[in-house]
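Structural description and commentary
So the chains spell out like this:
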Amino acid sequence: MKSLRTYSIPFFIMLVIAFLASPLFAQTYNTPVSSSEGASYVRYSGTVDMTADGDSIASHYSQAVYIGDSNQSIGVIQFAVPDVTGTEDINVFIEVSDNRKDWISISTAVKDQLTAGTTLDSLHVVGGVTLLEFKGSVWLRIHIDGQTSNPSNTITWDVYLPKNSGAPPQSVATVENRRT
């Protein structure tokens, strides 16, 4: 007859795996991003379905967008959130990287408690502080984090970045999946 300990260890391991895989820890990476550019600007846009993984309070990360030729001036982000039944509460952060592997999360939200409507905010100044991380990085991704009581919703966002002086007039806009 096997001891209780023999059964307890596999059960405990399966319990931990189930807990970590629960929606409480749900994260979706590489949500699609579209790009367009003109001679003097780069524009990135995306849509995030907050219930794509069955959980409206999950974290969603955009694909990495190249900002290396458009990070010395301003950065503007616009959000559009439709009005749906419930209390929208979405926090939006940015993360930056030089290699798409090691990400630096800006701990202050670009937008805290994003609600229904259209909102405009800056990427180069967050919480009243000019971000050296923005000006000194090559890649950026948007982190959209649903909070408790957030209903099923789809968020649309657009980023506008003027090109740096001396940047090429074309072929600057680049979108990549995160590297592991």
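Before reading further, recall that the structure is shown in the block above.
Figured I'd write up the structure that's included with this text.

1. A word on the environment of valine 76
Tracing the backbone through its elements, the reader meets valine 76 in strand S6 (residues 76-81). Leaving out residues up to four positions away in the same chain, valine 76 has contacts with Leu120, Asp121, Ser122, Leu123, Asp158, Val159 and Tyr160.

2. Quick word on unusual backbone geometry
The residue asparagine 30 is not glycine, and still its phi comes out positive at about 65°. As for its position among the elements, asparagine 30 is in strand S1 (residues 27-31). The class of asparagine 30 is partly exposed, set by a relative accessible area of 23%. Positive phi, close to 60°, is recorded for glutamine 113, a residue that is not glycine. Within the secondary structure, glutamine 113 is located in strand S9 (residues 111-114).

3. Concerning the nonpolar core
Among the nonpolar cores identified, the biggest contains 34 residues, and Tyr44, Ile94, Leu140, Ile142, Ile144, Trp157 and Val159 are the most heavily contacted of them. Counting residues per element, the ones that place at least two in this core are strand S3 (41-49), strand S5 (64-66), S6, strand S7 (90-97), strand S13 (139-146) and strand S14 (154-162).

4. So, the pairing of S6
Side-chain alternation along S6 places Ile77, Phe79 and Val81 on a buried face and Val76, Gln78 and Ala80 on a face that remains uncovered. Where S6 lies against strand S10 (residues 117-122), six bridges are found, and the strand directions are antiparallel. Looking across to S10, one finds that phenylalanine 79 is bridged to threonine 119. Summarising the sheet, S6 and S14 pair through five bridges and their orientation is antiparallel. Among the inter-strand pairings, isoleucine 77 is bridged to a residue of S14, identified as valine 159.

5. Quick notes on the environment of valine 172
Residue placement: valine 172 occurs in the loop between S14 and strand S15 (175-176). Since its relative accessible area comes to 1%, valine 172 is described here as buried. Along the sequence, valine 172 and tyrosine 66 sit 106 residues apart, while their C-alpha atoms lie 7.6 Å from each other. Residues within four places of valine 172 in sequence aside, it is in contact with Glu37, Val42, Tyr44, Tyr66, Asp69 and Lys163.

Quick notes on the rules
- Residues numbered from 1 in each chain as written.
- Predicted model: local features only at pLDDT ≥ 70, side-chain atom pairs only at ≥ 80, totals over all residues.
- Heavy atoms only, no water.
- Helix = DSSP H or I, 4+ residues; strand = E, 2+ residues; numbered from the N terminus.
- Contact = heavy atoms within 4.5 Å.
- Buried < 20%, exposed > 50% of the residue type's maximum accessible area, 1.4 Å probe, protein only.
- Core = buried A, V, L, I, M, F, W, Y, C linked by side-chain atoms within 4.5 Å.
- Pairing = 2+ DSSP bridges.

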